[in-house]
Amino acid sequence: MVSSARGPSMHDVAARAGVSHQTVSRVLNDFPGIRPATRERVQAAIVELGYRRNLSARALVTGRTQTIGMIGPRVPDIGPLSTLHSIEGSARAVGLHTLMTSADATSESVTEAVEFLVGRGVDGIALVAQQQAIADAVRAARIPVPVIHLLTGGEPRGEAASIDQRAGVRLALGHLISLGHTRIQHVTGPPTYTESQLRRDEYLNVVAEQRLARLDMLEGDWTADSGYAAGARLDPRATAVFCANDQMAFGVIHALADAGRTVPRDVSVVGFDDTSEARHSLPPLTTVRQDFAAVGRLAVDLMVARLGGTDTSATRQLEPELVVRDTTAQVRP
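Only a predicted model underlies this, so the values are computations on that prediction, with no experimental measurement involved.

S.K.: Would you mind showing me how to read the nonpolar core here?
M.R.: Among soluble globular proteins, nonpolar side chains are generally buried collectively. Ranked by internal contacts, the top residues of the largest apolar core, which has 21 residues, are Ile 87, Ile 148, Leu 150 and Ala 161. When residues of this core are assigned to their parent elements, the largest contribution, 8 residues, is made by helix α12 (residues 292-307). Discounting residues that sit within four places of it in the chain, Ile 148 has contacts with Ile 125, Ala 126, Leu 127, Glu 159, Ala 160, Ala 161, Ala 299, Leu 302 and Met 303. Of all hydrophobic cores here, the second largest spans 20 residues; its members include Val 187, Leu 218, Leu 256 and Val 267.

S.K.: Where do I start with helix α8 (residues 165-178) in this structure?
M.R.: An α-helix turns once per 3.6 residues; consequently, residues spaced three or four apart project the same way. End to end, α8 covers 20 Å across 14 residues, agreeing with the expected 20 Å (1.5 Å per residue, within 8%). Its side-chain oxygen at 3.2 Å from the backbone nitrogen of Arg 166, Asp 164 defines the N-terminal cap of α8. Gly 180 occupies a position one or two residues after α8 and carries a positive phi of about 95 degrees.

S.K.: What am I meant to see in the sheet that holds strand β12 (residues 321-323) here?
M.R.: Strands pair in a sheet through their backbones, by hydrogen bonds, and they do so in one of two ways: parallel or antiparallel. One open sheet accounts for 6 strands, arranged β7-β6-β8-β9-β10-β12; its pairing is mixed. Two strands bound the open sheet, and with one partner strand each, they are β7 (218-219) and β12. Strand contacts of α8: β6 (184-188), β8 (240-243), β9 (268-273), β10 (286-289) and β12, with the helix running at about 165 degrees to β9, the strand carrying the most contacts. Strands β6, β8 and β9 of the sheet are contacted by helix α9 (residues 194-210), whose axis makes an angle of about 165 degrees with β6.

S.K.: I'm lost on the packing of aromatic side chains in this one. Help?
M.R.: Pairs of aromatic rings are described using the distance from one ring centre to the other and the angle between the two planes. Taken as a whole and judged by the stated rule, the model has 2 aromatic pairs. Seen from their ring centres, Tyr 193 and Trp 222 are 5.7 Å apart, and the 90 degrees between their planes marks the pair as edge-to-face. With Tyr 193 in the loop between β6 and α9 and Trp 222 in the loop between β7 and α10 (224-231), this residue pair connects regions lying 29 residues apart in the sequence. You'll find Tyr 193 and Trp 222 in the same group, each marked buried. A cation over a ring is seen here: Arg 199 above Phe 272, with NZ or CZ 4.1 Å from the ring centre.

S.K.: Even after reading the chapter, I still don't get the pairing of strand β1 (residues 67-73), so can you show me in this structure?
M.R.: A large share of β1 lies buried, amounting to 6 of its 7 residues. Summarising the sheet, β1 and strand β2 (residues 97-103) pair through 7 bridges and their orientation is parallel. Bridge assignment links Ile 71 to a residue of β2, and that residue is Thr 101. Alignment of β1 against strand β3 (residues 124-128), held across 4 bridges, turns out to be parallel. Bridged to Met 70 within β3 is Ala 126.

S.K.: Before we go on, may I ask you to explain the pattern of salt bridges in this structure?
M.R.: Pairs can form between side chains of opposite charge whenever their charged atoms are close. For the structure on display, the rule yields 16 salt bridges. Glu 48 serves as the salt-bridge partner of Arg 16, at 2.5 Å between the closest nitrogen and oxygen. Pair noted here: Arg 16 is in helix α1 (residues 10-17) and Glu 48 is in helix α3 (residues 36-49), with a separation of 32 residues, a long-range link. Several salt bridges share partner residues, and in doing so they unite Arg 166, Arg 170, Glu 202 and Glu 209 into one network.

Cut-off values and rules
Residues numbered from 1 in each chain as written. Predicted model: local features only at pLDDT ≥ 70, side-chain atom pairs only at ≥ 80, totals over all residues. Heavy atoms only, no water. Core = buried A, V, L, I, M, F, W, Y, C linked by side-chain atoms within 4.5 Å. Buried < 20%, exposed > 50% of the residue type's maximum accessible area, 1.4 Å probe, protein only. Helix = DSSP H or I, 4+ residues; strand = E, 2+ residues; numbered from the N terminus. Contact = heavy atoms within 4.5 Å. Expected span 1.5 Å × (residues − 1). Polar contact = N/O pair within 3.5 Å; in protein donor to acceptor, adjacent residues only side chain to side chain. Pairing = 2+ DSSP bridges. Axes fitted to C-alpha atoms, helices over the stretch in contact; angles between N-to-C directions. Phe/Tyr/Trp six-rings, centres within 6.5 Å; stacked < 30°, edge-to-face > 60°. Lys NZ or Arg CZ within 6 Å of the ring centre and 35° of its normal. Salt bridge = Lys/Arg side-chain N within 4 Å of Asp/Glu carboxyl O.

This is the structure in structure tokens:
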């Protein structure tokens, strides 16, 4: 009988299933070689008794807590949040737990977040590192566990899971150029974000390579409001606008409508991210899709490999995808 003064133990499960506690441990840790009937019997006993693993005790034995720490941005953003959510689900699927905190782009904030996670014994940390200041603070902190950088834009920062931003820009601009556009204006993201810098730099590279018209870039801050403000200041010669994210593209489309101009008849617009709203804007937005969930899955794969002793010291880039909808059209003569 299980004592009411404590929860059921591994020995209680073993007694109920008629096996040794070593067999229960092997089932819990998914060791091969367990007969299916024995595995089912142990699992049934676990459910019947309501057994929960004592992770603290397990950590004392293995030296690991089976926990991935996550550091996200203080200000909610759809890309990082989608990636961190994917990490949580992917980690759970392989028997790991997650613990999340947040930080802004200051060394004090990053250090505080790192100390919080390391102090709770995490085995590794997945870090949203969209700003160089965050990456610099992490490097200075000399973290004693593996770190996977997320959403770096493909820039080399040690072990990282990211999406190739330069390739995404070339997809967007290549699409517009194929439609005959040579006067393409760019609405940038904030200059402190690596991904924004990469999109801006690659835009300039394509403009130079293709000898496109050099139009002033308009700086935004990722919000639809900043896109609206940029849209009100568009160069009248521009026949197309490439926006560094979807939210700013929505603002640009709104500003054009208020100015009596039609998308895509008068101006074509391309965004970046493929947020869920992109397919429901009016008109539905042509954009570059980033698979944020795939970044999360890749991060967990890298972390598991790293904890298993495999060398993963390279940035892993995923490829973006162009999604053509109704905000782009052939340039008018």
